[in-house]
Structure formats: structure tokens, C-alpha cells
Amino acid sequence: MGEIPELLVIDDEIGICEGVQRVLEPEGFKVDIALDGMTGLELMRQGGYDLILLDVKMPQISGLDLIPLIHKVDPEIICIIITGYATVEMAVSAIKQGAYDFLTKPFSIDTLLLAVNQGLERRNLSIEAKRTAQAEAEAKALTEENDRLLALDQAKKQFIRLVTHELKAPVSAIETYLTLILKGYVDPDNQKEILEKCITRAREERRLIDDLLELGQLESALSFQLSPVNPGEVLTDVIAEFWEEIKLKRLDLVLDTDHDIPETRAVPEQIKSLWSNLISNAVKYTPPDGRITISLRREGDWLIGSVKDTGIGISQEDCQRIFSEFYRAKNAVDFGAPGTGLGLVIVKRVIESMNGTICVESVLGSGTTFQFQIPLPPASD
Ligand code: ADP
């Protein structure tokens, strides 16, 4: 409400309109007049009114029917009915329609002033209550956002602690090995072996840095440049990259993909990373002469991909944890395959960024299947 309360009188009797105007304007109100309902509605749509005085009996539309239309435009506006034929039924239906009060013609100046002032007070109160509720809702949303940011901050700190720890381990090992050689504690015959260990740890460090960089890219806006990608074609390229290793371990590779895999909108490098991580794990954790089955098919609006192997498997307990940063199951570490414990974190983030899901099924000692599903974009006509 502005400093000067703005009122509108809708009545087909010009005498009443002007009378109200004459009485209220010297009291500090701005009073406009409309001689029929539709003109009044049009005026109030232009906004600014705090209170409307309306006649019941008017041509075209009655004051009572006008109230819901007025409240549709501004639910807080106060409507006071003025009528020459006040009955209890009329009063009840006026209140039901949303009128705040009603005045019976002829009414005294005091009665008019009292009704108008009470109406305006009611309007102020309800606007104030609305404002308070809105401020409370905003405060609640802010608290929730704050809690979310605090939790995020905690998770980031925890992640940094883990990263620091993981990065430190290979460097400390390399430092120890080199110090042993430099101080002459390793006889020349054993030096080659120690240097090879240094190289293994250095590679471990580089893999870790590569995975961390990839994880970082996943979170940067730049990596979210979507373009049409055919996940089937990417799969063929990725398999080619692992072909030497697959042959070396005499793994039987079974490909079970639909021919008409549609394109999806994605970041090509991310689709590549998704396949690379799943296939590299299958190759890595499957002993020689095992089998890897890769499938990709369309089911309705979904793309379903899976990588199945006959490898070392994952215990049920570990299946819950392998998607957490740096987690490596004991049997995987004992198997001697190098790893960072970040590959599946990357896979999960890529899939979730496309609103998809991934699940794992495994039997320890027998094999593992990772299956993901990604929604396909709606077909454009
Ligand atoms: P890593 O670099 O250690 O392979 P990942 O995040 O890719 O990291 O996988 C996390 C852990 O999940 C692995 O260390 C291993 O314990 C388990 N894992 C993943 N894929 C397989 C698989 N195909 N067979 C057996 N274990 C697997």
C-alpha cells in the first residue's frame, strides 16, 4: 500500500460515487470512480487500489459476482459491498464471495470512514503476515542452502585429505628407494629391481594425477559442451585401444550390441571415459583366458550398456563401497592390478550427469557385471 490509500467506487449511481469521493478525499484518500462492473475491473487491473466499494445491483455484472474476479487479480484487495437492500442471505453470500464488510444505503460518513479504515487495517495486516511468511520461507531456504554448502565444504575437505594422502604415498616410496641407493645400502645387483619399483610407483602417481584431472574436468563448465555422440561408435574405438591387452591375456571378447544405436547428446570424452574405465577394469581384474561380454542396446527411451567379466569378483560388502573415492577392495589390491580407486567415481559422475544410473552385480571369485542406463533425448521430428 502506498502512502495515500487508493480506493475505487464501483456503482451505477453517480450520486453515490461522487458522495463517497467528496467525503473520503478530504480525509486523505485517493478515490476513483467506475459506473459499471467491467470498467471497474479494467481500472483495478491497472493496479494500485487498496480497497474497493461496490454496489450489488448493477447492469452487466453484479457486485457479488465481481468480487471473485477482483480477487483473482489481487487476493489481498479489500471489497466492501454497498447495498440498498441488505438481507441476512445477502450478507452471507457477500461474505462467502470474499467481501470484507457491507454498508447499507444510506450510510453515515462515520459508518463509511469506520468500514474503510478497518478494511485498510485488515489489508495491512494480511500483507504484513504474507511478508513475514515469505521472510520465514526465505530464511528457511537460506538455512537449508547454508547446511548444504557446509556439507559440501566438509566433503571437499575430506576429499582433499584423501587426495593428499594418496599423492604422498608413491612419492614417499620413491624417495625412500632413491635414498637407499644414494646412501649405498643397495648393492649394485639389486639396484635395477629397486629402480623398477620407483618407476612402478611413479606410474601409479601419474595415473592418480590423470584421474584427478579428469574428475576436476567433470566439474568444470568447459567439459559440459554437449554434442551428438554415438555411444556404439565410441565403444568400438575404446575396444581398439584395449585390443593388445585383451589378446595378451587371451581373453574372449563377446560383443552384443544393437546395430541401430541412436545418437545421444553428451560430452564425447565423457562417453569414452565411461567405456574406458569399465572395460579397463574388466580387463585388469580378469585372469588370463577369461571372458568379457560387452552389450549395448536400446530399450524404449533408454540406452542400456553393460560390461560383464569372469574375473576376481567383488564381495557384497565391497559392492556398496567401490563407487567411493579411492576405495579399492582388498582382493583387487592382492590381485596385483594397479589402480587409483577413482575410475568408478568418474563413471558414476558421468552417468549421473546424463540423468542415468549404474549398478553392479558380482560373485566373489566368479565375475562382475556393471550395467548402466541413460535416458535417450526425445526424438526430434
Ligand atoms: P581402480 O583404479 O582401483 O580399478 P575403480 O574406481 O575403477 O578403481 O574401481 C574401484 C574398485 O572396484 C577396484 O579397486 C576393485 O576393487 C573394484 N572393481 C571395479 N571393477 C571391478 C571388476 N570388474 N572386477 C573386480 N573388481 C572390480
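These remarks concern the structure in this document. (Residues numbered from 1 in each chain as written. Predicted model: local features only at pLDDT ≥ 70, side-chain atom pairs only at ≥ 80, totals over all residues. Heavy atoms only, no water.)

## So, the overall build of the protein
Okay, so step 1: Regarding its fold elements, the protein presents eleven helices and twelve strands.
Okay, so step 2: By the compact-globule yardstick of 21 Å for 381 residues, the protein is too spread out, its C-alpha radius of gyration being 38 Å.
Okay, so step 3: If you line up the protein on its principal axes, its C-alpha atoms span 120 × 55 × 35 Å.
Okay, so step 4: Within the span of the protein, comprising 381 residues, buried residues form 40% of the whole.
Okay, so step 5: Long-range contacts, defined as pairs at least 24 residues apart, comprise 68% of the intrachain contacts of the protein with a sequence gap of at least 6.
Okay, so step 6: By element, 55% of the accessible surface of the protein is carried by carbon and sulfur atoms, the whole surface being about 22000 Å². (Helix = DSSP H or I, 4+ residues; strand = E, 2+ residues; numbered from the N terminus. Rg over C-alpha atoms; globule rule 2.2 N^0.38 Å. Buried < 20%, exposed > 50% of the residue type's maximum accessible area, 1.4 Å probe, protein only. Contact = heavy atoms within 4.5 Å. Areas by Shrake-Rupley, 256 points an atom, 1.4 Å probe, with all protein chains shown as cover.)

## Some details on the sheet that holds strand β5 (residues 101-104)
Okay, so step 1: As summarised here, the arrangement of the five strands in space is β2-β1-β3-β4-β5, forming an open sheet in which the pairing is parallel. Each edge of the open sheet is held by one strand with a lone partner, namely β2 (30-34) and β5. On average, each strand axis in the sheet is tilted by 20° relative to the strand beside it, whichever way the strands run.
Okay, so step 2: Across five bridges, the pairing between strand β3 (residues 51-55) and strand β4 (residues 78-83) is parallel. Directly across from L54, in β4, lies its bridge partner I81.
Okay, so step 3: Contacts from helix α1 (residues 14-24) reach β1 (6-10), β2, β3 and β4 within the one sheet, and its direction differs from that of β2 by about 175°. (Pairing = 2+ DSSP bridges. Axes fitted to C-alpha atoms, helices over the stretch in contact; angles between N-to-C directions.)

## Some thoughts on the pattern of salt bridges
Okay, so step 1: According to the stated counting rule, one finds 23 salt bridges in the structure shown.
Okay, so step 2: Between K105 and D55 there is a salt bridge, with its nearest N and O atoms 3.4 Å apart. With a gap of 50 residues between them, K105 in the loop between β5 and α5 (109-182) and D55 in strand β3 connect regions that are remote in the sequence. By the burial criterion, K105 is buried, and D55 matches it.
Okay, so step 3: One network of salt bridges, in which partners are shared, links D11, E13, D55 and K105. (Salt bridge = Lys/Arg side-chain N within 4 Å of Asp/Glu carboxyl O.)

## Examining the nonpolar core
Generally speaking, a soluble globular protein has its nonpolar side chains buried in company with each other.
Okay, so step 1: Residues W275, L278, I279 and F370 are the most contacted members of the largest nonpolar core, which totals 46 residues.
Okay, so step 2: Elements supplying a minimum of two residues to this core: α6 (188-219), α7 (231-248), α8 (268-284), β9 (291-299), β10 (302-309), α11 (343-353), β11 (357-363) and β12 (367-375).
Okay, so step 3: It is α8 that provides the largest number of residues to this core, a total of seven residues.
Okay, so step 4: With sequence-adjacent residues up to four places away left out, L278 is seen in contact with V307, L344, V347, I358, F370 and F372.
Okay, so step 5: In terms of nonpolar packing, the next biggest core, distinct from the first, is built from 21 residues, L8, L54, L64 and I77 among them. (Core = buried A, V, L, I, M, F, W, Y, C linked by side-chain atoms within 4.5 Å.)

## What to know about the packing of α6 against α11
Okay, so step 1: Direction vectors running N to C along α6 and α11 enclose 15°, while the axes themselves pass 10 Å from each other. Here α6 lies roughly parallel to α11, going by the angle between them. When the axes of α6 and α11 are compared, the crossing they make is left-handed. Contacts between α6 and α11 involve D211, E214, L215, L218 and E219 from the first element and G343, V345, I346, R349 and V350 from the second.
Okay, so step 2: Residues of the contact of α6 with α11, tallied by class, amount to five nonpolar, one polar and four charged. (Parallel < 35°, antiparallel > 145°, perpendicular 65-115°, else oblique. Left-handed = near helix turned anticlockwise from the far one by under 90°. Nonpolar A, V, L, I, M, F, W, Y, C, P; charged D, E, K, R; others polar.)

## Let's talk about the site of the ligand
Okay, so step 1: With respect to spatial proximity, 20 residues lie near the ligand, and among them N281, Y285, R328, T340 and L344 are the closest.
Okay, so step 2: N281 places a polar side-chain atom, nitrogen or oxygen, 2.8 Å from an oxygen atom of the ligand.
Okay, so step 3: One nitrogen or oxygen atom from the side chain of K284 is found 3.0 Å from an oxygen atom belonging to the ligand.
Okay, so step 4: Taking 530 Å² as the accessible area of the ligand by itself, protein coverage stands at 98%.
Okay, so step 5: Those elements that provide at least two residues to the shell around the ligand are α8, α11 and β12. (Near = heavy atom within 4 Å. Polar contact = N/O pair within 3.5 Å; in protein donor to acceptor, adjacent residues only side chain to side chain.)

## Side note on the packing of aromatic side chains
Okay, so step 1: In this structure the tally under the stated criterion is three aromatic pairs.
Okay, so step 2: Between the aromatic rings of F159 and F326, the centroid separation amounts to 6.0 Å while the plane-to-plane angle is 20°, which identifies the pairing as stacked. Here the residue F159 occupies a position in helix α5, and F326 occupies one in the loop between α9 (316-319) and α10 (330-335), the gap between them amounting to 167 residues.
Okay, so step 3: For F326, a relative accessible area of 9% translates into the label buried. (Phe/Tyr/Trp six-rings, centres within 6.5 Å; stacked < 30°, edge-to-face > 60°.)

## A few points about the pairing of β12
Okay, so step 1: Bridging between β10 and β12 involves eight bridges; their strand directions are antiparallel. Looking across to β12, one finds that K308 is bridged to T369.
Okay, so step 2: Across seven bridges, the pairing between β11 and β12 is antiparallel. Residue pairing across strands places V360 opposite F370, the latter belonging to β12.
Okay, so step 3: The hairpin formed by β11 and β12 contains three residues between the paired strands, and G365 there has a positive phi angle of roughly 85°.

## Regarding the sheet that holds β10
Okay, so step 1: Strand order in this open sheet of five strands is β7-β9-β10-β12-β11, and the pairing throughout is mixed. Looking at the sheet topology across the chains shown, the edges are occupied by β7 (252-257) and β11. This sheet shows a mean twist of 10° between the axes of neighbouring strands, independent of strand direction.
Okay, so step 2: Running over the sheet, α7 touches β7, β9 and β10 and is turned about 175° from β7.
Okay, so step 3: Docked against the sheet, α11 engages β11 and β12, running at close to 140° with respect to β11.

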